[in-house]
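Below are the chains, spelled out letter by letter.
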Amino acid sequence: MRGHPGGCSQGRTEGGAQMRYKVGAEQMEQVPSLAHRPDGVFRAARTTPVGPTHAVNAATGTVACGITARGLEVLDQDWEAAFFVERCPRCFAAVVARD
Ligand SMILES: [Zn+2]
């Protein structure tokens with residue numbers, strides 16, 4: 001036994017209060033992936049946004065580009081830091097303009 005299974009490693013605690021916008025995905029897709037670790041392989045089903053994502057105001061829940069947030073899958077992820085997704089250009093412009 002090496003180390004210990006230290007809980008859920010998902011919670012990298014930065015952001016939090018700093019997060020201004022969350023990722024609002026129009027569609028989600030399940031991506032099964034295998035994670036290789038020293039202590040074995042475990043299956044990690046990830047859900048990934050498909051298509052453009054919108055900036056959902058973390059405080060108010062409104063969408064930066066003005067569309068309705070209804071039907072959006074709001075992820076607990078920082079939209080501004082989410083480089084891995086396609087971003088709605090109108091949201092982008094709105095967020096940048098607000099700085
Ligand atoms: Zn948008």
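In what follows, the structure referred to is the one given above.
Structure report, in brief.

What counts and what doesn't
Residues numbered from 1 in each chain as written. Predicted model: local features only at pLDDT ≥ 70, side-chain atom pairs only at ≥ 80, totals over all residues. Heavy atoms only, no water. Donors = N, O, S within 2.8 Å, 3.2 Å for Na, K, Ca; no water. Tetrahedral: all angles 85-135°; square planar, octahedral: opposite > 155°, others 65-115°. Salt bridge = Lys/Arg side-chain N within 4 Å of Asp/Glu carboxyl O. Helix = DSSP H or I, 4+ residues; strand = E, 2+ residues; numbered from the N terminus. Buried < 20%, exposed > 50% of the residue type's maximum accessible area, 1.4 Å probe, protein only. Core = buried A, V, L, I, M, F, W, Y, C linked by side-chain atoms within 4.5 Å. Contact = heavy atoms within 4.5 Å. Polar contact = N/O pair within 3.5 Å; in protein donor to acceptor, adjacent residues only side chain to side chain. Pairing = 2+ DSSP bridges.

### Brief notes about the coordination of the zinc ion
Thought 1: Distances from the zinc ion to its protein donors, His-54 (ND1), Cys-65 (SG), Cys-88 (SG) and Cys-91 (SG), fall within 2.0 to 2.4 Å.
Thought 2: Between the four donor atoms coordinating the zinc ion, the angles at the centre fall across 100 to 119°, so the site counts as tetrahedral.

### Side note on the pattern of salt bridges
Thought 1: With the rule as written, the count across this model stands at two salt bridges.
Thought 2: Residue Arg-20 pairs with Glu-80 through a salt bridge whose shortest N-O separation is 2.6 Å. Here Glu-80 lies in the loop between strand E3 (73-78) and strand E4 (86-87) and Arg-20 lies in the segment before strand E1 (21-37), a separation of 60 residues in the sequence.
Thought 3: Residue classification places Arg-20 among the partly exposed residues on the basis of a relative accessible area of 35%.
Thought 4: Classification of Glu-80 as partly exposed rests on a relative accessible area of 29%.
Thought 5: Here Asp-76 ties to Lys-22 by a salt bridge, and the two come within 3.5 Å at their closest N and O atoms. A residue pair is termed long-range when its members are at least 10 positions apart, and Asp-76 in strand E3 and Lys-22 in strand E1 qualify at 54 residues.

### Details of the nonpolar core
Considering soluble globular proteins, one finds that nonpolar side chains tend to be buried as a cluster.
Thought 1: Formed by 15 residues in total, the largest nonpolar core has its most connected members in Tyr-21, Ala-55, Val-63, Ala-64, Trp-79, Cys-91 and Val-95.
Thought 2: Within the residue set of this core, elements represented by two or more residues are E1, strand E2 (40-57) and helix H1 (89-98).
Thought 3: Dropping the residues within four chain positions of it, Ala-55 is found in contact with Tyr-21, Lys-22, Thr-62, Val-63, Ala-64, Trp-79, Cys-91 and Val-95.

### Quick word on the side chain of His-54
Thought 1: Topologically, His-54 is positioned in strand E2.
Thought 2: Here the side chain of His-54 touches Glu-26 through a polar contact of 2.8 Å, side chain to side chain.
Thought 3: Among residues more than four places away in sequence, those in contact with His-54 are Lys-22, Val-23, Gly-24, Glu-26, Val-63, Cys-65, Ile-67, Leu-72, Trp-79, Cys-88 and Cys-91.

### Side note on the pairing of E1
Thought 1: By the bridge criterion, 16 bridges tie E1 to E2 in an arrangement that is antiparallel. Bridging from a neighbouring strand, Gln-27 pairs with Val-50 of E2.
Thought 2: As consecutive antiparallel partners, E1 and E2 are separated by two residues.
Thought 3: Where E1 meets E3, four bridges bridge the pair, whose relative direction is antiparallel. Residue pairing across strands places Gly-24 opposite Val-74, the latter belonging to E3.

Geometric values such as these leave the question of function open.
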